[in-house]
Amino acid sequence: MKIHEYQARNLFRKYGIPVPEGVVCHTVDEVKQNVSDKDKLRVVKAQVHVGGRGKAGGVKLANTKAEAVEKAGQILGMDIKGICVEKVLVADAVDIEKEFYVGLINDRNTKSVTLMASAEGGVEIEEVAKVSPEKIIKMSIDPAIGLMPWQARKIAIQLFADPKEIRQCANILVKLYQLYVDTDSSLAEINPLVLTPDKQVLAIDGKMNFDDNALYRQKEILSMREADKDELKEIEANAKGLSYIKLDGNIGCMVNGAGLAMATMDMIKLYGGEPANFLDIGGSSNPQKVVDAMNILLSDQNVKSVMINIFGGITRCDDVARGLVIALDQIKTDVPIVIRLSGTNAKEGLEIIKQTGLPVVETMREAAQTAIELSKK
Amino acid sequence: MSILINKYTKVIVQGITGRDGAFHTSKMKAYGTNVVGGTSPGKAGQEVEGVPVFNSVEDAVKATGANASVIFVPAAFAADAIMEASYAGIELVVCITEHVPVQDMIKVTPVLKKHGTKLIGANCPGLITPDECLIGILPAMIFKKGNVGLISRSGTLTYEVVNMLTESGLGQTTCVGIGGDAVSGLYFIDLLEMYENDPATEAVVLIGEIGGDAEEQAARFIKEKMTKPVVAFIAGQSAPPGKRMGHAGAIISSGSGTAEEKIKAFKAADVPVAKEPREIPGLVKEKLGL
């Protein structure tokens, strides 16, 4: 689960990580009401769950309150990578002497939380990681002990020279780690962490993601969820035991199992089509799940044909086929469908499906080719 | 021969009284797996599918000499179950449970290391040595004894590939579904080393997915350490970029993670990568000179 920058800043503040003052506003009127009348340099930032908002024009500086109102008006309603901006953060801008990067992530290789830091913070951090990886300091953290102060200092000393600055930075790192583990985070970044001319170390921008599998024990984090249009669809699917990710193509696919679902998308692409989605219906033959899955699939107007790809394992194909027949009976659609069934009891399953009159094939390749043909009609 | 499990493996089922635990206990027993017990706190003395139930893994190990366990408990209790098995001296723990929080798996890792426990999963279908032992939820009927080892991060995609191997006359030594979670037990390289040392395995099929760099590491391992041929497939070649975890994700896996990068790594290690699953049996036969 993702949260907005302003929410990450609130969590930072709660844990004692210093952040400049700021207010979140949904309308121009709110900016007029909630931002103090004092004229000072502020930054107006779009609150969206996609990267690259700065380059898209979603971050603007304002010298006066009137300017802040004007800039907010420009950003609210703006389209950033298909997402409509519904909120802006109006925050005090600070003078920056130097920018740094710090981040925490669950590291697959070390099977631990890894702390990363760099003296080259800012928007080009990914480029830094690619071109000069030695400029990214990494430290793996022992889950039983946590991030000890001496470890935080060891990192801070590589970023700062002045003892007071080192102390401020080390403090922030320890607090960020505590926040990370307390909230079952999967990503926590401060980029940039800045040093001001008056030698204050501050978090200017924050990003946090959370482990969906841990939300059951993170009620406060869950209550912060502000999903956009596409995310809502994915959440709705999750609630029904389905895993759905919308893509840009026109061939809808419904598959049992995540790996097979990806392989199905690959197959469609390999034979010249474009998958409209990733959709994993899991291991059951429950007809309701198929109906739910079909409804989610077909709510995407781009879908011109549907490929259902089922490999029967413990769930037998004849059971799946019976589920499909019931489900397809309830779904009224003109979108052409091709079904592929294979695995345990495939023959019996195929016999049952035949009564629907829908094209049924035995291999993934045929199914992909048929779905592509059907999408062109 | 085989890796990890054989007809002598003694298995207990953690969460045996649950719906899934009981159902798959019956399936495993029907296949011939030596299921010697199960656990469910407070239910000692009961029987499930003719198997005795114990209060704890420790009790079960003392009474039965079990050396492997399979976990079917809900996600919130999975890490606890893994650690319990590890402390009780179980050598191989297979965690079928999905949706286990990552921080829990991070806490499990040092415990496994301390006791030398091998973990498969979480969120995996389990493993099978055909005609000898099945641990997990794999559909037994598609497997056949033979000389090909298989490791996969997927479930149904694995079945799809195994089915194709079996239909084309290629049986298997041991097939292992290691699970697709970010932090899990044994990785590709751990298993590749076991297959390399197993006299019965003559070729290995590796089914990877996008994300992380386990495949890149596997490619490096194959190039440097393996004498046996490996054939690979990567799922998710069409997945769009951008579905990733912000800067930190990109940084940690800088130079790896995408299908393209994985395929490149395998090609550099002389590992053929199938464009679609159906090509896999042919590539294996080619490597075996069949």
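Residues numbered from 1 in each chain as written. Chains lettered and ligands numbered in written order. Predicted model: local features only at pLDDT ≥ 70, side-chain atom pairs only at ≥ 80, totals over all residues. Heavy atoms only, no water.

- Per an unreviewed UniProt entry, chain B goes by the name Succinate--CoA ligase [ADP-forming] subunit alpha and belongs to Draconibacterium orientale.
- UniProt's Pathway (unreviewed entry) comment on chain B is quoted here verbatim: "Carbohydrate metabolism; tricarboxylic acid cycle; succinate from succinyl-CoA (ligase route): step 1/1." (UniProt positions renumbered as here; feature names shortened; annotations may be inferred.)

- Under the annotation held in an unreviewed UniProt entry, chain A carries the name Succinate--CoA ligase [ADP-forming] subunit beta and is attributed to Draconibacterium orientale.
- Under Pathway (unreviewed entry), UniProt gives the following word-for-word description of chain A: "Carbohydrate metabolism; tricarboxylic acid cycle; succinate from succinyl-CoA (ligase route): step 1/1."
- Heading Subunit (unreviewed entry) of the UniProt record for chain A holds this comment: "Heterotetramer of two alpha and two beta subunits."

## Focus on the domain arrangement of chain A
Interface size is often expressed as the accessible area that is lost when the parts come together.
Here is step 1: Under the domain assignment used here, chain A contains domain 1 (21-92), domain 2 (98-224) and domain 3 (229-376).
Here is step 2: For domain 2 of chain A and domain 3 of chain A, the distance between their C-alpha centroids amounts to 42 Å. (Domains from an automatic or database assignment.)

## Comments concerning the sheet that holds strand β12 (residues 203-209) of chain B
Residue and element names in this part refer to chain B.
Here is step 1: Reading across the sheet, the six strands line up as β9-β8-β11-β10-β12-β13 and stay open at both edges, with mixed pairing between neighbours. A single partner strand is all that each edge strand has here, and the edge strands are β9 (133-136) and β13 (230-235). For this sheet, the mean inter-axis angle between neighbouring strands, taken without regard to orientation, is 15°.
Here is step 2: Alignment of strand β8 (residues 126-129) against β9, held across four bridges, turns out to be antiparallel. (Pairing = 2+ DSSP bridges. Helix = DSSP H or I, 4+ residues; strand = E, 2+ residues; numbered from the N terminus. Axes fitted to C-alpha atoms, helices over the stretch in contact; angles between N-to-C directions.)

## Side note on the domain arrangement of chain B
Residues and elements named next belong to chain B.
Here is step 1: Under the domain assignment, chain B is made up of domain 1 (11-120) and domain 2 (139-288).
Here is step 2: The partner domain 2 presents nine residues to the eight residues of domain 1 that form the contact.
Here is step 3: Buried surface at the junction of domain 1 and domain 2, summed over both partners, amounts to about 750 Å²; 74% is from carbon and sulfur atoms.
Here is step 4: Interface area lost by domain 1 to domain 2 is led by Tyr31, Leu119 and Ile120, which between them contribute 52%.
Here is step 5: Summed over the shared surface of domain 1 and domain 2, the result is zero salt bridges. (Contact = heavy atoms within 4.5 Å. Buried area = accessible area lost by both parts, 1.4 Å probe. Salt bridge = Lys/Arg side-chain N within 4 Å of Asp/Glu carboxyl O.)

## Thoughts on the packing of helix α3 (residues 75-87) of chain B against helix α4 (residues 102-115) of chain B
Residue and element names in this part refer to chain B.
Here is step 1: In the contact formed by α3 and α4, the axes pass within 10 Å of each other and the chain directions differ by 5°. Between α3 and α4, the interaxial angle falls into the category roughly parallel. Where α3 approaches α4, its residues Ala79, Ile82, Met83, Ser86 and Tyr87 are matched on the opposing element by Asp104, Met105, Val108, Val111, Leu112, Lys114 and His115.
Here is step 2: Taken together, the residues that form the contact of α3 with α4 break down as eight nonpolar, two polar and two charged. (Parallel < 35°, antiparallel > 145°, perpendicular 65-115°, else oblique. Nonpolar A, V, L, I, M, F, W, Y, C, P; charged D, E, K, R; others polar.)

## Things to note about the environment of Val108 of chain B
Residue and element names in this part refer to chain B.
Here is step 1: Relative to the elements of secondary structure, Val108 occurs in helix α4.
Here is step 2: A C-alpha to C-alpha distance of 31 Å links Val108 and Glu160, two positions 52 residues apart in sequence.
Here is step 3: Excluding anything up to four places from it in sequence, Val108 contacts Ala79, Ile82 and Met83.

## So, the pattern of salt bridges
Here is step 1: Evaluation of the coordinates by the stated rule reveals 28 salt bridges over all chains.
Here is step 2: Its salt-bridge partner being Glu236 of chain A, residue Lys240 of chain A comes within 3.3 Å of it at the nearest N-O pair.
Here is step 3: Glu276 of chain B serves as the salt-bridge partner of Arg365 of chain A, at 3.0 Å between the closest nitrogen and oxygen. Taken together, the positions of Arg365 of chain A in helix α13 (residues 364-375) and Glu276 of chain B in the loop between α9 (259-268) and α10 (280-288) put the pair across two chains.
Here is step 4: Overall, the relative accessible area of 30% leaves Arg365 of chain A in the partly exposed class.
Here is step 5: Ionic contacts of the salt-bridge type, sharing partners, join the residues Glu5, Lys45, Arg53 and Asp205 of chain A into one network. (Buried < 20%, exposed > 50% of the residue type's maximum accessible area, 1.4 Å probe, protein only.)

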